Amino acid sequence: MQDTPHSCPLVVGVDVGGTKTHLRALAGPETVADHVRPSSGWRPHDPAAAAAWLTTLVHDALPHGARPLALAMGGHACETPRQCEEIRAALQDRLQVPVLVVGDAELLVPAAGLEKGVGLVAGTGSVAVGRLSDGSPVQVGGWGAVLGDEGGSAGLVREAARAAWAAHDRGEAPDELALRLIAAFGVSEVPALGAALESATHVSAEWGRHAPVVFAAAEAGSPIAHEVIADGGRALAALVARLATRGVAVDDVVVAGSTVLAQPELYEAFTSSLAEAVPGARPQPLRVPPVEGAVALARSLV
């Protein structure tokens, strides 16, 4: 890359999600590049590979001859400050410009135009992040579909299966939720759901894609499905409450994610539980792409 031909500093923001990656580059108010591609190949636990992948992305997305003066990136599965720092150092060494790397949920607060608050994501998985008064990041949740991610799509499917099994153990006939899960996983009866879930190669994605079944069952009148969704909302509110107990400012809670924002019942369960668990917290759906937060962070580096 050569020196940028633009008169304003060219800043680059990148949001690497679990499914897709969004790069946006601006020179002042002018959008120079707005590029979306699949996140396949993203390896956040290998700093050298992650930096190489991001460098290729930048070269491919920017116009010929354009050189960024700063870059900020929010990365899916970038779970600890040390991991983010290792990727940052490797990427800065390649690009030779100031670089900031954070977890993807940390993009939400700056994307909403706020200086502090909580970012809560409930898509395939679920996680909440914030910062202490000294700037130290704190993350809770985000432990994957097998052990955590309550309130995300994969976690909802896991808990729906557990609820269907519990009803079966009580001797109850399969209700609308159980019947829809059986159909979705292509099995003949409730006990067979266990083997179907365990056979998944990519657990989060393969479980998560069946989440619409849970909401459809609730709409069809399944009390068990309603309770699973309510529990998911309470679990998301508990993430925010956990941050509050650790000293994070939780006055503003910026919410994003394809599951919680697309499903009113889950969002309402979350907000009502949040009002009880953390009175005074102000939840707000993110109305702009999270990459806007990466651009804002990149601008802070110039």
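In this numbering scheme, every chain counts its residues from 1 along its sequence in written order. Per-residue local features of the predicted model are confined to residues with pLDDT of at least 70, and side-chain atom pairs are confined, for both listing and counting, to 80 or more; whole-chain, interface and lining totals are unaffected and use all residues. Only hydrogens and water are set aside; all other atoms, that is, all heavy atoms of the structure, feed into the side-chain values.

1. Things to note about the overall build of the protein
- Secondary structure follows DSSP: runs of H or I at least 4 residues long count as helices, runs of E at least 2 residues long count as strands, and numbering of each begins at the N terminus. If you tally the helices and strands in the protein, you get eleven helices and ten strands.
- Rg of the C-alpha trace for the protein: 21 Å, near the compact-globule value of 19 Å for 302 residues, within the 12% margin.
- A principal-axis box enclosing the C-alpha atoms of the protein has dimensions of 70 × 40 × 30 Å.
- Think of it in three bands: with a 1.4 Å probe and only protein chains considered, a residue is buried below 20% of the maximum accessible area for its type, exposed above 50%, and partly exposed in between. Counting the 302 residues in the protein, one finds 50% classified as buried.
- Pairs at least 24 apart in sequence give 66% of the contacts found in the protein among residues at least 6 apart. A radius of gyration in this sense is built from C-alpha atoms; the matching globule rule multiplies 2.2 Å by the number of residues raised to 0.38. Here, residues are in contact when the closest pair of their heavy atoms is within 4.5 Å.

2. With respect to the side chain of D252
- Relative to the helices and strands, D252 is located in strand β9 (residues 252-256).
- Given a relative accessible area of 15%, D252 falls into the buried group.
- In this structure D252 touches L114, K116, G117, V118, R282 and Q284, once residues within four positions along its chain are discounted.

3. A closer look at the packing of aromatic side chains
- For Phe, Tyr and Trp, where Trp contributes only its six-membered ring, two rings pair if their centres lie within 6.5 Å, and the inter-plane angle classes them as stacked under 30 degrees, edge-to-face over 60, or tilted in between. The final tally for this structure, using the stated rule, is two aromatic pairs.
- Between W42 and W53, the aromatic rings sit 5.6 Å apart at their centres with planes inclined by 55°, giving tilted as the arrangement. Residue W42 is found in the loop between β3 (30-38) and α1 (47-61), and its partner W53 is found in helix α1; the two are separated by eleven residues along the sequence. Considered together, W42 and W53 belong to a single accessibility category, that of buried residues.

4. Here's the deal with the sheet that holds strand β10 (residues 282-285)
- The five strands are arranged β8-β7-β6-β9-β10 in an open sheet whose pairing can be described as mixed. Looking at the sheet topology across the chains shown, the edges are occupied by β8 (137-141) and β10. Strand after strand, the sheet turns through a mean of 20° between neighbouring axes, direction not considered.
- Strand direction decides the pairing type here: β9 and β10, joined by four bridges, are parallel. Residue pairing for β10: V255 is matched across the bridge by P285. Here, any two strands with at least 2 DSSP bridges between them count as paired. Throughout, an axis means a line fitted to C-alpha atoms (over the contacting stretch in the case of helices), and angles, computed between N-to-C directions, take values from 0 to 180 degrees.

5. Considering the pairing of strand β5 (residues 99-103)
- Buried residues dominate β5, accounting for four of its five residues.
- Both strand β4 (residues 70-75) and β5 contribute to a ladder of five bridges, which runs parallel. Following the sheet pairing, A72 is matched in β5 by L100.
- By convention, orient the strands away from the viewer: a clockwise path from the first strand over the helix to the second makes the crossover right-handed. A crossover connection joins β4 to the parallel β5 through helix α2 (residues 81-95); in handedness this β-α-β unit is right-handed.

6. Thoughts on the packing of helix α4 (residues 153-169) against helix α8 (residues 211-219)
- Direction vectors running N to C along α4 and α8 enclose 60°, while the axes themselves pass 8 Å from each other. When the axes of α4 and α8 are compared, the pair comes out oblique. α8 is crossed by α4, and the crossing has left-handed handedness. On α8, the residues that touch S153, L156, V157 and A160 of α4 are A211, V214 and F215.
- For the contact of α4 with α8, the residue count by class is six nonpolar, one polar and no charged. In what follows, roughly perpendicular refers to angles from 65 to 115 degrees, roughly parallel to angles under 35, roughly antiparallel to angles over 145, and oblique to any angle outside these ranges. Put simply, a crossing is left-handed when the front helix is turned counterclockwise from the back one by less than a right angle, and right-handed when it is turned clockwise. Polarity classes work like this: nonpolar for Ala, Val, Leu, Ile, Met, Phe, Trp, Tyr, Cys and Pro, charged for Asp, Glu, Lys and Arg, and polar for all others, with Gly in that last group.

7. Structural notes on the packing of helix α5 (residues 176-185) against α8
- Their axes nearest at 9 Å, the elements α5 and α8 cross at an angle of 150°. One element, α5, and the other, α8, form an angle in the roughly antiparallel class. The two elements α5 and α8 meet at a crossing, and its hand is right-handed. For the pair formed by α5 and α8, the contact residues are E176, L177, R180, L181 and A184 on the first element and V213, V214, A216 and A217 on the second.
- Class assignment for the residues of the contact of α5 with α8 results in seven nonpolar, no polar and two charged.

8. Structural notes on the sheet that holds strand β2 (residues 20-27)
- The strand order across the open sheet formed by five strands is β3-β2-β1-β4-β5, and the pairing between neighbours is mixed. Of all the strands in the sheet, the pair left with one neighbour each is β3 and β5. Here the strands of the sheet are splayed against their neighbours by 10° on average, with no regard to which way each runs.
- Sheet topology note: the strand β1 (residues 10-16)/β2 ladder contains seven bridges and is antiparallel. Residue pairing across strands places D15 opposite H22, the latter belonging to β2.
- Those strands touched by α2 are β4 and β5, and its axis lies near 150° from that of β5.
- Strand contacts of helix α11 (residues 291-299): β1, β2, β4 and β5, with the helix running at about 140° to β1, the strand carrying the most contacts.

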